[in-house]
Amino acid sequence: MSGFDTLLTEQSSDLARDALAAGLPSSKVESWKYVPTRALNRTQWIEATPRTATEFSLTGGRFVAVPDALRAKDATLSAVESARLDHLYRAQGFALTHGALAHDCLVLEVGRGQQQTVTLKRLANQAAEAGFATLVIRVGAGAQLMVLETFEDSQAMESNLDSLCILWMLERDANATHIRYQAANERAHLFTSIDVQTRDNAHFTLQSIDFGGKLARTDIQVTLGGRGARTELHGLAVTNGSQYHDTHLAVDHAVGDTQSAMAFRTMVDGKGEATFNGRVLIQKDAQRSATEQSVANLLLSDTGRINPKPELEIYADDVTASHGCTVGNLNQTELFYLRSRGLSETDAKAFLQYAFAEKIVDEITDAGIREQVELRLLGELKHGELIAELKESVDV
């Protein structure tokens, strides 16, 4: 039994039937081992009511104010797209629930050689409301697309849930950048599934920032399916209070001459908990592939918890691969140095946290989002000029 059973019994699809039979994943499912599912099971979720919006938004499982320039002329899913979605939906019980309850399946398309930028705002749902939607994005040969995904930060007294599945298809020489800035309300349960497939010489970049939410789960799968394809995946999760942030990332080098780079930073304070699982697979025939993996975790309290699990699985002979994973605390020597330069203990800690996250922040392509992240990390520091000087002399 789960909190979605009432909604699922109102559906007649095979996915709904299978979701009811499967239930939500338990801790026996490795990828959901640490996910706190109690609220998902105990809350009697109801269908979310969409709100009005004048800008492109996801609200209550519906997309509103969709840009005409990006709406696909033929929104019929191809056989490949349908098969990919079915595979995603059948991964485990929550994915089945998403597939059964998804209200909208929107198809966006950037034509050959075109360049587009779009902002998608995910609006908060109300008490006990759950919204599910799927977005298919086609990026044509030689086209470029930047998607800025932001989350409404509103006050919420009760649990609310928003789930979005995004299917990317990058044709030959396509270039796509997906920037996520998640600063949702403290009672939000947020689920995002991103599945990317690339053809020859395509380039996919993900920059993902997580601050908000009671529970935030992001699943990312990138398949480098064309020679010369490459991907850069950068992320930062800042967890506090009793928050839980969970990122599961997998890169599949399906063919040779492909490149991937993964850099993620996690900071946990209070009673927060964060999980990061990053897996890179280099197939037997993916010769001359290269991958870099850097995972660093900063534990800021005695009651927080971090669950890192980097994985590297190589079956080819001619590859270049590097990986590293660290878990640590604030450097006390550097903290003492900053205090000696006039910073309060609070400001000194904030600066060291910023320095830890700086590699990820500097990679954020959108200046507006980068500024919001910087302000969120540094807070209202009174030593702005000193910060610039210290950034040159402190190595974290």
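Residues numbered from 1 in each chain as written. Predicted model: local features only at pLDDT ≥ 70, side-chain atom pairs only at ≥ 80, totals over all residues. Heavy atoms only, no water.

1. With respect to the nonpolar core
With 43 residues, the main nonpolar core has Phe63, Leu135, Val139, Trp168, Leu170 and Phe204 as its most contacted residues. In this structure Val139 touches Val110, Gln144, Leu145, Trp168, Met169, Leu170, Glu171, Ala174, Asn175 and Ala176, once residues within four positions along its chain are discounted. Judged by nonpolar contacts, the second largest core, of 30 residues, contains Leu148, Ile209, Phe211 and Leu343. (Core = buried A, V, L, I, M, F, W, Y, C linked by side-chain atoms within 4.5 Å. Buried < 20%, exposed > 50% of the residue type's maximum accessible area, 1.4 Å probe, protein only. Contact = heavy atoms within 4.5 Å.)

2. Structural notes on the pattern of salt bridges
Side-chain pairing between opposite charges can occur once the charged atoms of the two side chains come close. One pass over the full model with this rule turns up 24 salt bridges. Arg279 serves as the salt-bridge partner of Glu313, at 2.6 Å between the closest nitrogen and oxygen. On the criterion of sequence distance, the pair formed by Glu313 in strand S18 (residues 305-314) and Arg279 in strand S16 (residues 273-282) is long-range, its members being 34 residues apart. The class of Glu313 is partly exposed, set by a relative accessible area of 25%. Residue Arg279 is classed as partly exposed on the basis of its relative accessible area, which comes to 27%. Through salt bridges that share partners, Asp14, Arg17, Asp18, Asp86 and Arg90 make up one connected network. (Salt bridge = Lys/Arg side-chain N within 4 Å of Asp/Glu carboxyl O. Helix = DSSP H or I, 4+ residues; strand = E, 2+ residues; numbered from the N terminus.)

3. Considerations on the sheet that holds strand S15 (residues 259-268)
Taken in spatial order, the 10 strands of this open sheet run S3-S2-S5-S7-S9-S11-S13-S15-S17-S19, and their pairing is mixed. Strands with a single pairing partner mark the edges of an open sheet, and in this sheet they are strand S3 (62-64) and strand S19 (319-328). Within the sheet, the average angular offset between the axes of one strand and its neighbour, ignoring direction, is 10 degrees. Where strand S7 (residues 144-151) and strand S9 (residues 175-182) come together, 7 bridges link them in parallel fashion. Paired with Leu148 across the two strands is Ile179, which belongs to S9. Packed onto the sheet, helix H7 (residues 345-362) meets strand S11 (203-210), strand S13 (230-239), S15 and strand S17 (289-299) and runs at close to 155 degrees relative to S15. (Pairing = 2+ DSSP bridges. Axes fitted to C-alpha atoms, helices over the stretch in contact; angles between N-to-C directions.)

4. A look at the packing of aromatic side chains
Taken as a whole and assessed by the stated rule, the structure comprises 11 aromatic pairs. Plain terms: the ring middles of Phe4 and Phe94 are 6.0 Å apart, the flat faces sit at 70 degrees to each other, and that makes the pair edge-to-face. Of this pair, Phe4 sits in the segment before helix H1 (5-9) while Phe94 sits in helix H5 (residues 93-101); the two residues are 90 residues apart in sequence, bridging distant segments of the chain. The same class applies to Phe4 as to Phe94, namely buried. When the ring of Trp32 is compared with that of Phe94, the centres are 6.0 Å apart and the planes differ by 40 degrees; the resulting orientation is tilted. Here Trp32 is found in the loop between helix H2 (14-22) and helix H3 (38-42), whereas its partner Phe94 is found in helix H5, with 62 residues between them in sequence. Judged by its relative accessible area of 2%, Trp32 falls in the buried class. An aromatic cluster of three or more residues is present, and its members are Phe4, Trp32, Trp45, Phe94, Phe132 and Phe191. (Phe/Tyr/Trp six-rings, centres within 6.5 Å; stacked < 30°, edge-to-face > 60°.)

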